[in-house]
Number of protein chains: 2
Amino acid sequence: MSSAPVSEPKKKLSARGLLAANLLVLRRRRELSQEALAFEAGLHRTFVAHVERQARNISLDNIERLASALGVEPFELLKP
Amino acid sequence: MSSAPVSEPKKKLSARGLLAANLLVLRRRRELSQEALAFEAGLHRTFVAHVERQARNISLDNIERLASALGVEPFELLKP
DNA sequence: ATGTGACTTATAGTCCGTA
DNA sequence: TTACGGACTATAAGTCACA
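All values reported here derive from a predicted model rather than from experimental measurement. (Residues numbered from 1 in each chain as written. Chains lettered and ligands numbered in written order. Predicted model: local features only at pLDDT ≥ 70, side-chain atom pairs only at ≥ 80, totals over all residues. Heavy atoms only, no water.)

## Things to note about the interface of chain A and chain B
- Facing 18 residues of chain A, the contacting portion of chain B comprises 18 residues.
- Here chain A and chain B share an interface that buries about 1,700 Å² over both sides, 63% of which is from carbon and sulfur atoms.
- Ranking the residues of chain A by area buried against chain B places Leu60, Phe75 and Leu78 of chain A at the top, with a combined share of 34%.
- At the surface where chain A touches chain B, the tally comes to two salt bridges.
- Residues Arg16 of chain B and Asp61 of chain A are paired through a salt bridge, measuring 2.7 Å at the closest nitrogen-oxygen approach.
- Applying the counting rule to chain A against chain B returns twelve residue pairs in polar contact (both at pLDDT 80 or more). (Contact = heavy atoms within 4.5 Å. Buried area = accessible area lost by both parts, 1.4 Å probe. Salt bridge = Lys/Arg side-chain N within 4 Å of Asp/Glu carboxyl O. Polar contact = N/O pair within 3.5 Å; in protein donor to acceptor, adjacent residues only side chain to side chain.)

## Observations concerning the UniProt feature "domain: HTH cro/C1-type" (unreviewed entry) in chain A
- Under the UniProt annotation, the feature "domain: HTH cro/C1-type" (unreviewed entry) is placed at residues 23-78 of chain A.
- Annotated as 61% helix and 0% strand, the span residues 23-78 of chain A places its first and last C-alpha atoms 9 Å apart. (UniProt positions renumbered as here; feature names shortened; annotations may be inferred. Helix = DSSP H or I, 4+ residues; strand = E, 2+ residues; numbered from the N terminus.)

## Things to note about the pattern of salt bridges
All names here are of chain A.
- All chains considered together, the criterion is met by four salt bridges over all chains.
- Here Glu52 ties to Arg27 by a salt bridge, and the two come within 2.6 Å at their closest N and O atoms. Here the residue Glu52 occupies a position in helix 3 (residues 45-52), and Arg27 occupies one in helix 1 (residues 15-29), the gap between them amounting to 25 residues.
- By relative accessible area, which is 14% here, Glu52 ends up buried.
- Judged by its relative accessible area of 6%, Arg27 is buried. (Buried < 20%, exposed > 50% of the residue type's maximum accessible area, 1.4 Å probe, protein only.)

## Some words on the protein's contact with DNA strand D
- By nearness alone, 16 residues border DNA strand D, and Gln34 and Arg53 of chain A together with Arg56, Asn57 and Ser59 of chain B come closest of all.
- Here DNA strand D approaches the protein such that, of its atoms within 4 Å, sugar and phosphate make up 60%.
- Interatomic distance of 3.0 Å between a side-chain N/O atom of Arg53 of chain A and a phosphate oxygen of DNA strand D.
- A distance of 3.2 Å separates a phosphate oxygen of DNA strand D from a polar side-chain atom of Asn62 of chain B.
- Counting only elements with at least two residues in the surface near DNA strand D, the list comes to helix 2 (34-41) and helix 3 of chain A together with helix 3 (45-52) of chain B.
- Here the surface near DNA strand D is composed, by residue class, of three nonpolar, eight polar and five charged. (Near = heavy atom within 4 Å. Nonpolar A, V, L, I, M, F, W, Y, C, P; charged D, E, K, R; others polar.)

What follows is the structure, given as structure tokens:
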């Protein structure tokens, strides 16, 4: 009885993990540094770094600011 | 030159507004009171009430708790 | 069953550094 | 350019009394 999955089931990420991953991908895609993104969003450089490392529990208003700085809707930052 | 839209363009809601609206719909659909939802999510009744009234800037961890109490993914609470 | 203002405590978010 | 700390200050969390 093989229990090996044919393809890996995606590991369930926490909301923080999801946000961090999406943030990184979108930021890189736009060739922005953490600093540049932080500036666009009106946030501090070190805060963006913390969020990307899942070290901080960001608030909704700031999720919205990051989304807007990246040109996406807020919910897209939480999509798996 | 008619400028009347065939169907109304949806007014753009803030992230708080989106969350509040989705929260209300999902909560009602499950026939939960604010109190019951708060209990499921491990939050205080009045806190949920404030969020539904857009009076609070909720954090990601608590968005996740509410989503889980409602049986949906976090991003679904922010979908337009 | 819900809305709301006020209040304290916890932590989000800033700013200064070092590597 | 990013990671990570320490020491702040601003604001979210959490609770209550009362409409």
